[in-house]
2 protein chains.
Amino acid sequence: MAILVVGSVAFDSIQTPHGAVDHCLGGAATHFSLAASYFTDVRVIGVVGEDFTPEHEAVMTRRGVDTQGIEHAPGLSFHWTGSYAGKLEEATTLGTDLNVFATFEPKIPAAYKESEYLFLANIDPVLQGRVRAQMPNVRMVCGDTMNYWIGDHLENLKKVLKELDVLLINDGEVRMLSGEQNLTRGAEKVLAMGPKTLVVKHGEYGATAFFSSRSFPDDAGGGEDAGKTYRPFRAPALPLAEVVDPTGAGDSFAGGFYGYLASQSKLTPAVFRTAMFYGGVMGSFAVERFGTERLQNVSQEEIAERFKLFVEISHLDAAGA
Amino acid sequence: MAILVVGSVAFDSIQTPHGAVDHCLGGAATHFSLAASYFTDVRVIGVVGEDFTPEHEAVMTRRGVDTQGIEHAPGLSFHWTGSYAGKLEEATTLGTDLNVFATFEPKIPAAYKESEYLFLANIDPVLQGRVRAQMPNVRMVCGDTMNYWIGDHLENLKKVLKELDVLLINDGEVRMLSGEQNLTRGAEKVLAMGPKTLVVKHGEYGATAFFSSRSFPDDAGGGEDAGKTYRPFRAPALPLAEVVDPTGAGDSFAGGFYGYLASQSKLTPAVFRTAMFYGGVMGSFAVERFGTERLQNVSQEEIAERFKLFVEISHLDAAGA
């Protein structure tokens, strides 16, 4: 089923120990869409400026991504400049030029209204809320956010959290949002704020899902008790000798994860676990090249092979051992 | 088969957000021995002072640990004082009183000489080397070290690394020893220094094993090619809402890991993977109480149950899902 994603479509200028690129196509919605496009139909809502050419748009349309929701505005596109050093864990932001993104007001094309899955990428929670309100019939809502919104726009963010089936953030964001240093207790507090499920991204260490009794409504009639509790689930990341550019790894994880979920007819714990693995798989491809380069050209065979590799590096009874 | 462990038997004074304890029984060899005692016979070599009472010794002997190799010297036992705050990731050392440990010269009782498995806990690499040299017939040697030895005693440490089947260290130690920020490349460099296999402990994120073509000599005649490469393997840690005291978690991991290995007749990739899980299991018990309290009283049922839980939180086809 189709995913509607709202978020940034941008240009990134990035420095890493492997080199530098200037104004390469980026943005959360872009990375997400490309990663998710290997699993299901994707529709994007965003805004770009006059520097966004048909060639840039073709990067998405070639992957079957529907870009009619990308608004073209006078001026320049959102431009982020950042650099990574050392462990490549965190970018140092050198510049954020919002440009046309500063006055972004998401508009949902009529053809997008019946999308079953909604992904609210990391943008102003007020905008996330407006998009959510215009999609009353979605089957599932998944969202991201960041330290800036947690710190300075918390009340607005809290309203969005109540609308989420899945919140996808990283360790630091869980600690900041919950005020708890212990991740498990922090996760409990975040779940109490509204999201039915919390997926915490640990960068090179993978990701952990924390569930609530409301995580699997589909299972209600399928033998699960109403108040059933679910164990957390940990998915690995692939140990990589070469990380060329970590930009967009989290959004690519989200794309693989949510794309797989949207491709399945039922939301069960087993489906969710598999989705976590596909998130890791797409994240592992994303960092192999600068920007979206790698995600533009992955084959289904490569995805299947890498998924198998993720199982092999984490399962006791891995084949071939 | 029996494990001989050489390392510190000490008293720890610890402060964590959950409280404080004064002079509780600790030391790497102590945590290791107790954790390993649930899997196989353990023999300890260490030195203690006059403050080490028969009651302290009984903590180990009650678990069947052979303590005849613990030398009693005039003076006080090694005493470490440390505190943890925030994420509990790293202790702040407030005091290290080596006492009788300063002149420790390991002596191997005749009854220990035929031990098949040797564990060199984190002590001066010169002493690790001397113990290793006196045990020419051991089947397997596993060792630990720390930043102090990597920084100031590197040449001595390098000699020990060549003798190791398995080196068990944490992320920071891999980076320091290899000079590489990327963990996978760092692991390759560490393996090139001698250890056949490297297990990297990631604290709350679990552990990763990096293998070389020499990791599984038992498999040489079993169908594995001589130059076979093995994928890394990642074992999870249990997300815990309450970590009372992280002291000894790494040594308890080592004890569970190596204890399980020593209990198996063959060293295969599957056995190694299972050992990584048992390492996580014993580490997860260790942090539930201060000092060695929890490891003194774990039942085989609890271990089996927790092992099952580790599988459940990390495997796609986990039972009960």
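Scroll up for the structure.
### Overview of the environment of Ile169 of chain A
Residues and elements named next belong to chain A.
- Residue placement: Ile169 occurs in strand β10 (residues 166–170).
- Ile169 sits in the buried class, given a relative accessible area of 0%.
- Put simply, Ile169 and His202 are 33 residues apart on the chain and 9.1 Å apart in space, counted from C-alpha to C-alpha.
- Not counting chain neighbours up to four residues away, the residues in contact with Ile169 comprise Asp144, Thr145, Val174, Leu177, Leu198, Val199, Val200 and Lys201.

### Digging into the sheet that holds strand β7 (residues 92–97) of chain A
Residue and element names in this part refer to chain A.
- Spatial ordering of the open sheet is given by β3-β2-β6-β7, a layout of four strands whose pairing is mixed. The open sheet has two free edges, formed respectively by β3 (19–26) and β7, since each of these has just one partner strand. Between one strand axis and the next, the sheet turns through 15 degrees on average, direction left out of account.
- Relative to strand β6 (residues 78–83), strand β2 (residues 10–16) runs parallel, the two sharing six bridges.

### Topic: the packing of helix α1 (residues 28–36) of chain B against helix α8 (residues 249–262) of chain B
All names here are of chain B.
- One can describe the packing of α1 onto α8 by two numbers: an axis separation of 7 Å at closest approach and a directional angle of 40 degrees. When the axis of α1 is compared with that of α8, the two are oblique. In this structure, the crossing between α1 and α8 has a hand that is right-handed. Counting all contacts with α1, which are made through Ala28, His31, Phe32, Ala35 and Ala36, the residues of α8 involved are Asp251, Ser252, Ala254, Gly255, Gly256, Tyr258 and Gly259.
- Residues that form the contact of α1 with α8 fall into these classes: six nonpolar, five polar and one charged.

### Focus on the pairing of strand β6 (residues 78–83) of chain B
Residue and element names in this part refer to chain B.
- Where burial is concerned, most of β6 is hidden: five out of the six residues are buried.
- Note that β6 and strand β7 (residues 92–97) share five bridges and pair antiparallel. Across the sheet, His79 pairs through a bridge with Asp97, a residue of β7.

### Describing the interface of chain A and chain B
- Every contact between the two is made by 44 residues of chain A and, on the other side, 44 residues of chain B.
- Of all residues in chain A, Tyr205, Arg234 and Leu316 of chain A give up the largest surface area on contact with chain B, accounting jointly for 23% of the area buried on that side.
- Linking chain A with chain B are four salt bridges.
- Glu204 of chain A is the salt-bridge partner of Arg175 of chain B, the closest N and O atoms lying 3.1 Å from each other.
- Taken together, chain A and chain B are joined by 24 residue pairs in polar contact (both at pLDDT 80 or more).
- For the side of chain A that touches chain B, the secondary structure elements donating two or more residues are α6 (171–178), α7 (183–192), β12 (207–211), β13 (233–235), α9 (269–286) and α10 (300–312) of chain A.
- Across the side of chain A that touches chain B, the residue classes tally to 21 nonpolar, ten polar and 13 charged.

### What to know about helix α5 (residues 154–161) of chain A
Residues and elements named next belong to chain A.
- Within α5, the full set of buried residues consists of Leu157, Val160 and Leu161. Down the axis of α5, the buried set is contained in an arc of 100 degrees. They therefore lie on one face. Opposite the buried face of α5, by more than 90 degrees, sit the exposed residues Glu155 and Lys159.
- Packed against the buried residues of α5 are β8 (117–120), α3 (125–133), α4 (147–152), β10 and α6.

Analysis parameters
- Residues numbered from 1 in each chain as written.
- Chains lettered and ligands numbered in written order.
- Predicted model: local features only at pLDDT ≥ 70, side-chain atom pairs only at ≥ 80, totals over all residues.
- Heavy atoms only, no water.
- Helix = DSSP H or I, 4+ residues; strand = E, 2+ residues; numbered from the N terminus.
- Buried < 20%, exposed > 50% of the residue type's maximum accessible area, 1.4 Å probe, protein only.
- Contact = heavy atoms within 4.5 Å.
- Pairing = 2+ DSSP bridges.
- Axes fitted to C-alpha atoms, helices over the stretch in contact; angles between N-to-C directions.
- Parallel < 35°, antiparallel > 145°, perpendicular 65-115°, else oblique.
- Left-handed = near helix turned anticlockwise from the far one by under 90°.
- Nonpolar A, V, L, I, M, F, W, Y, C, P; charged D, E, K, R; others polar.
- Buried area = accessible area lost by both parts, 1.4 Å probe.
- Salt bridge = Lys/Arg side-chain N within 4 Å of Asp/Glu carboxyl O.
- Polar contact = N/O pair within 3.5 Å; in protein donor to acceptor, adjacent residues only side chain to side chain.
- Arc of directions from axis to C-beta.

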